[in-house]
Amino acid sequence: MTSTFALRCAAIVGATGVALGAYGAHGLKKLVPESERVEMWGTASRYQLIHAAALLAISASGRRSLLAPALWTAGTVMFSGSIYCLVLDKQRFKALGPVTPLGGLLLIAGWLSLLAP
């Protein structure tokens, strides 16, 4: 069950990370001319892809806990997702500003959860 959950999350997070990274590299500049905001998009995409790889690795590890995959998945959606929204329209999605660091904390908690037996 754990490896299936982590593998499915890795597939979704990885596929969307590649698609959003490609959009950031090729299409975003037409919509968002500021290079700083394009760099923010790149950061979101990078973190998303790193955690997709981590989810894939944990799915292959045989580890039984759902904690790390759940924290990484939720953290990625919150961290990267909020950055994507803020880059596209900071005014419209300003309420998501505090979500970014909370997502980051979930990502960190996911890594720390690997210390538990």
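What counts and how
Residues numbered from 1 in each chain as written. Predicted model: local features only at pLDDT ≥ 70, side-chain atom pairs only at ≥ 80, totals over all residues. Heavy atoms only, no water. Axes fitted to C-alpha atoms, helices over the stretch in contact; angles between N-to-C directions. Helix = DSSP H or I, 4+ residues; strand = E, 2+ residues; numbered from the N terminus. Parallel < 35°, antiparallel > 145°, perpendicular 65-115°, else oblique. Left-handed = near helix turned anticlockwise from the far one by under 90°. Contact = heavy atoms within 4.5 Å. Nonpolar A, V, L, I, M, F, W, Y, C, P; charged D, E, K, R; others polar. Expected span 1.5 Å × (residues − 1). Buried < 20%, exposed > 50% of the residue type's maximum accessible area, 1.4 Å probe, protein only.

S.K.: Help me understand the packing of helix α3 (residues 35-61) against helix α4 (residues 67-88), please; the structure alone is not making it clear to me.
M.R.: When two helices pack together, their arrangement is given by the angle between the helix axes and by the axis-to-axis distance. Remark: α3 packs on α4, axes separated minimally by 9 Å, with the N-to-C direction vectors making an angle of 165°. Between α3 and α4, the angle falls in the class roughly antiparallel. In the crossing of α3 with α4, the sense of the turn from one axis to the other is left-handed. In this structure, α3 contributes Arg37, Met40, Trp41, Ala44, Ser45, Tyr47, Gln48, His51, Ala54, Leu55 and Ile58 to the contact, and α4 contributes Ala68, Pro69, Trp72, Thr73, Thr76, Phe79, Ser80, Ile83, Tyr84, Val87 and Leu88. Residues belonging to the contact of α3 with α4 are distributed by class as follows: 15 nonpolar, six polar and one charged.

S.K.: Mind showing me how you'd approach α3 here?
M.R.: Helical geometry: 3.6 residues make up each α-helical turn, so side chains three or four residues apart lie on a common side. Counted at 1.5 Å a residue, the expected span for α3 with its 27 residues is 39 Å, and the 39 Å between its end C-alpha atoms agrees. Those residues of α3 lying buried are Val38, Trp41, Ala44, Ser45, Gln48, His51, Ala52, Ala54, Leu55, Ile58 and Ser59. Positive backbone phi, at 85°, marks Gly62, one or two positions downstream of α3.

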